[in-house]
Amino acid sequence: MNDSKPINIDVGQANDRVFTNFLGVGLVSDTSESVNENIKNLFGKAGYYLSAFQHLTEGNTFSFVLKHGETVVEDEAVMILIANGKYLGGQEIPGGSISPADGLLDVFIVYEAGLPLLKDFLVAKRTFEWNQDKSQVVHFQASSLHLDTSVPQKVDMDGEIYAETPVEINVVSKQFSFLVGNSRR
């Protein structure tokens, strides 16, 4: 018996391009841009992890202004990740609420790299119960954003560098229909 059903998923739009899974600035775009092609070809996904670890320990910050609705966040961060999907580099992004079909994008502002970021990621991986007062990561949801940086930053969309800041980001609801079945465990 076929118990599949169709679901309609959102896409993110950044200026004139779309992304299905994520958009990132800072650590994620630095990692994507600097991965060594020979290592990537030899080790596959592990090549990205090696590049990410190198950048995670460096943690270069950038100044940004992020506007969503009436809220304006002006600060410095090592990464801004805007997720429509649940995975980044094959690793599940902490946050049980992330859904590609909810009309919202999940925004993560990462203020500090290094061991605090790794600790937050590992602790929050399953439960997403960050103590935002003690964490170097802030999470919220939005349907539209404007991101600008004091110095243009490369923008990674779904693992490829396609743009630089500033960027207008919107969710475009229910753009693709997928047939999904019930998971059996």
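All of the points below concern the structure found in this document. Along each chain, the written sequence defines residue order, and numbers are assigned to residues from 1. The predicted origin of the model limits local features to residues at a pLDDT of at least 70 and limits the giving and counting of side-chain atom pairs to 80 or more, whereas totals for whole chains, interfaces and linings rest on all residues. Where side-chain values are given, they derive from all heavy atoms of the structure, hydrogens and water being excluded.

**Section: a nonpolar patch on the surface**
Like-charged residues within 9 Å of one another, or nonpolar side chains (Val, Leu, Ile, Met, Phe, Trp, Tyr) within 5 Å, are grouped into patches, provided each residue has over 30% relative accessible area and no salt bridge. All accessibility values rest on the Shrake-Rupley procedure with a 1.4 Å probe; residue burial counts only the protein chains present in the view. Every case where a carboxyl oxygen of Asp or Glu lies within 4 Å of a side-chain nitrogen of Lys or Arg is listed as a salt bridge. Residues Ile7, Phe176 and Phe178 make up a contiguous nonpolar surface patch of roughly 270 Å² in combined accessible area. Put simply, DSSP H or I for four residues or longer makes a helix, DSSP E for two residues or longer makes a strand, and each gets a number counted from the N terminus. Structurally, Ile7 is set in strand β1 (residues 5-14). Among the residues examined, Ile7 registers a relative accessible area of 30% and is labelled partly exposed. To sort residues, take the accessible area from a 1.4 Å probe on protein chains only and compare it with the maximum for the residue type: under 20% means buried, over 50% means exposed, and anything in between is partly exposed.

**With respect to the sheet that holds strand β11 (residues 144-149)**
Strand order in the open sheet formed by 6 strands is β2-β1-β14-β11-β4-β5, and the pairing between neighbours is antiparallel. The sheet terminates laterally at β2 (17-19) and β5 (71-77), the two strands that pair on one side only. This sheet shows a mean twist of 30 degrees between the axes of neighbouring strands, independent of strand direction. Pairing of β1 with β2 involves 3 bridges; the strand directions are antiparallel. Its bridge partner lying in β2, Ala14 is registered against Arg17. DSSP calls a pair of strands paired once it identifies at least 2 bridges connecting them. Note on geometry: axes are lines fitted to C-alpha atoms, helical ones only across the stretch in contact, with angles between N-to-C directions running from 0 to 180 degrees.

**Concerning unusual backbone geometry**
Cis geometry is adopted by the peptide bond preceding Pro166, which originates at Thr165 and carries an omega value of 5 degrees. Note on placement: Pro166 falls in the loop between β13 (160-164) and β14 (167-180). With a phi angle near 55 degrees, Asn15 is a residue other than glycine that sits in the positive phi range. Structurally, Asn15 can be placed in the loop between β1 and β2. The backbone of Asp158 shows a phi angle near 55 degrees, a positive value even though the residue is not glycine.

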